[in-house]
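Here is what each chain is made of, one letter per residue.
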Amino acid sequence: MSTSRSGRFRLGVSVACASVALILAACGGGGGGGGGSSSNSSGSGDGQPVAGAPSWCGSKKITLALADGFGDNNWRKVTSAEAQDEAKKCPSVTKYVYTDGQGNTQKAISDIRSLVAQGVDAMVVFPDAGKAVLPAIRQAYKAGVVTVPYRVFPGGKEGQDYDYFIKTDFKQAGVLWANWLVKALNGKGNVVNLGGPPANSQSLDEYAGMQSVLKDHPGIKFIGTTPYNVTNWDPAQTQKVVTAVLAKYPKIDAFTTDFGAALQASFGAFKQAGRQIPAVATEDANKLSCAWQSSKSANPNFKLFTVDSQNWMSRTAVQFAVAKATGGKVPSSTQVPQKAFEDSISGEPNPVTCDKAMPGDAFMSSHLTKPQQRTALQ
């Protein structure tokens, strides 16, 4: 499997059974929501806008699929639920099909090809394995299926290998983290950076973004492995890494990581080492926010900053795919911005938000309702 991907394949999560495509009837819904804003450009279908539906919903009836490279962790469960919820807003989506590649590149490829054979009209793809699945994505596109990969760059080009690529700038997340670190550490301190699998583009881009800021602040230094300590986005591996760096480095002033929930699962290592939790810059997770709330008094240096986890990015991909396939209005931008979500120092744009009534695996930045997110995480 490729390790150049930038997505949310959490390698430490086990899969207990083979995936089965879920074919669900999609019902009509309310207005638009999600990452894209509508433009005046129309899709290629011959449909007309559906009264009472979002502008990206044309009248041509379609089957929509989400081909997920890996589906069995909390981030993916919420993300796929966001996609399905968005599809329900368009009554022209008469069937919704979901496949789980289970982290197996060959199965992910087979799933895409199977969806083409089933005759789906549009397909959103989370290509965990990056360029390894590009031939299958291209095959779907050449077969006339509206094909929209998102978040993980699969290589290739829009209009040649797929219709649209829905992207985000992970370097900007690193810029947001670094600017906050300068403030939180008063321009001086040692930082440990945790990332996912070796050479994955998300972690590399985040590090590059941080370096673009911190090059002007030489008092803040990365220690440990650079560009990042490999955790495979696995809580168990993260705990091993955290335990090792605590033993090796007597002074750590901050951690940066693109999987905050995994770092939270390692907080016991700080107590075992007789160390306090330092400042943390990461992505939001309810369990992390709740841990901050319960630990801050005993850990006065535990400041917390998070960026939006972007589960709702799948909604933008659905909007593009449905618009092109049904004849609706195609949204105006394929770029989903990185945004700050919580800041324990300024409280802007939100204070650290713990909802004890929600599962720890929930994401407060999700666009799902709380009942919907509870259902997704069951």
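What this report covers is the structure whose coordinates are included nearby. The structure presented is a predicted model; accordingly, all values stated were derived computationally and were not measured.

1. Structural notes on the pattern of salt bridges
Scanning all chains against the criterion turns up 15 salt bridges. Notably, a salt bridge pairs Glu86 with Arg315, separated by 2.7 Å at the nearest N-O pair. Residue Glu86 is found in helix H1 (residues 74-87), and its partner Arg315 is found in helix H10 (residues 313-326); the two are separated by 229 residues along the sequence. There is no split in this pair, since Glu86 and Arg315 are both buried. Each of the salt bridges in this network shares a partner with another, and the network as a whole consists of Glu82, Asp85, Glu86, Lys89 and Arg315.

2. Regarding the state of the cysteines
Following the criterion strictly, the structure yields 2 disulfides and no others. Here Cys57 connects covalently by a disulfide to Cys90, the sulfurs 2.0 Å from one another. On the sign convention where negative means left-handed, the S-S torsion of about 75° between Cys57 and Cys90 marks this disulfide as right-handed. With a gap of 33 residues between them, Cys57 in the loop between strand E2 (38-42) and strand E3 (62-68) and Cys90 in the loop between H1 and strand E4 (93-100) connect regions that are remote in the sequence. The pair formed by Cys57 and Cys90 is uniform in burial state, with each residue classed as buried.

3. Structural notes on the pairing of strand E13 (residues 304-307)
Neither face of E13 is left uncovered, since the one carrying Leu304 and Thr306 and the one carrying Phe305 and Val307 both have all their residues buried. As judged from the 4 bridges shared by strand E12 (residues 279-283) and E13, these two strands associate in the parallel manner. Each bridged residue has a counterpart across the sheet, and for Val280 the counterpart in E13 is Leu304. For the crossover that starts at E12, traverses helix H9 (residues 286-295) and ends in the parallel E13, the hand is right-handed. Examined bridge by bridge, E13 and strand E16 (residues 340-343) share 3 bridges and lie antiparallel to one another.

4. Here we look at the environment of Gly103
Mapped onto the elements, Gly103 comes out in the loop between E4 and helix H2 (105-118). It is 8.3 Å that separates the C-alpha atoms of Gly103 and Ala129, two residues lying 26 residues apart in sequence.

5. Points about the side chain of Asp128
With respect to the helices, strands and loops of the structure, Asp128 is situated in the loop between strand E5 (122-126) and helix H3 (134-142). Residue Asp128 is classed as buried on the basis of its relative accessible area of 5%. Within the structure, the side chain of Asp128 is placed 2.3 Å from the side chain of Arg76, a separation counted as a polar contact.

6. As for helix H6 (residues 235-248)
For H6, which comprises 14 residues, the first-to-last C-alpha distance of 20 Å matches the rise-based estimate of 20 Å (1.5 Å per residue) to within 8%. When H6 is considered as a whole, its buried residues turn out to be Thr238, Val241, Val242, Val245 and Leu246. Each buried residue of H6 lies within a common arc of 130° when the element is viewed along its axis, so the set occupies one face. Residues of H6 that are exposed and point more than 90 degrees away from the buried face comprise Lys240, Ala247 and Lys248. Buried-residue contacts for H6 involve strand E8 (189-195), strand E10 (229-230), strand E11 (254-257), helix H7 (260-264) and helix H8 (267-272). Where H6 starts, the residue carrying a side-chain oxygen 3.1 Å from the main-chain nitrogen of Ala236 turns out to be Asp234.

7. Details of the nonpolar core
Ranked by size, the top nonpolar core spans 67 residues in total, and within it Leu64, Ile166 and Phe255 carry the most contacts. Among residues more than four places away in sequence, those in contact with Phe255 are Val192, Leu194, Val242, Val245, Leu263, Phe270, Pro278, Ala279, Val280 and Ala281.

8. Structural notes on the environment of Ala87
With respect to the helices, strands and loops of the structure, Ala87 is situated in helix H1. Take Ala87: its relative accessible area is 0%, and that puts it in the buried class. Note: C-alpha distance between Ala87 and Arg315 (228 residues apart in sequence) is 8.0 Å.

9. Concerning the side chain of Asp161
The residue Asp161 is located in the loop between strand E6 (146-149) and strand E7 (167-168) in this model. Engagement of the side chain of Asp161 in a polar contact is seen with the side chain of Arg138, the distance being 2.6 Å. At 2.8 Å, the side chain of Asp161 forms a polar contact with the backbone nitrogen of Lys157.

10. Some points on the packing of helix H4 (residues 170-184) against helix H5 (residues 201-214)
For the pair H4 and H5, the least separation of the axes is 7 Å and the interaxial angle reads 45°. With respect to H5, the element H4 is oriented oblique. Handedness of the crossing formed by H4 with H5: right-handed. Contact with H4, carried on its side by Phe170, Lys171, Ala173, Gly174, Val175, Trp177, Ala178, Asn179 and Val182, involves Gln202, Asp205, Glu206, Ala208, Gly209, Met210, Ser212, Val213 and Leu214 of H5 and no other residues of that element. Residue composition of the contact of H4 with H5, by class: 10 nonpolar, 5 polar and 3 charged.

The rules behind the values
- Residues numbered from 1 in each chain as written.
- Predicted model: local features only at pLDDT ≥ 70, side-chain atom pairs only at ≥ 80, totals over all residues.
- Heavy atoms only, no water.
- Salt bridge = Lys/Arg side-chain N within 4 Å of Asp/Glu carboxyl O.
- Helix = DSSP H or I, 4+ residues; strand = E, 2+ residues; numbered from the N terminus.
- Buried < 20%, exposed > 50% of the residue type's maximum accessible area, 1.4 Å probe, protein only.
- Disulfide = S-S within 2.5 Å.
- Pairing = 2+ DSSP bridges.
- Right-handed = clockwise from strand over helix to strand, strands pointing away.
- Polar contact = N/O pair within 3.5 Å; in protein donor to acceptor, adjacent residues only side chain to side chain.
- Expected span 1.5 Å × (residues − 1).
- Arc of directions from axis to C-beta.
- Contact = heavy atoms within 4.5 Å.
- Core = buried A, V, L, I, M, F, W, Y, C linked by side-chain atoms within 4.5 Å.
- Axes fitted to C-alpha atoms, helices over the stretch in contact; angles between N-to-C directions.
- Parallel < 35°, antiparallel > 145°, perpendicular 65-115°, else oblique.
- Left-handed = near helix turned anticlockwise from the far one by under 90°.
- Nonpolar A, V, L, I, M, F, W, Y, C, P; charged D, E, K, R; others polar.

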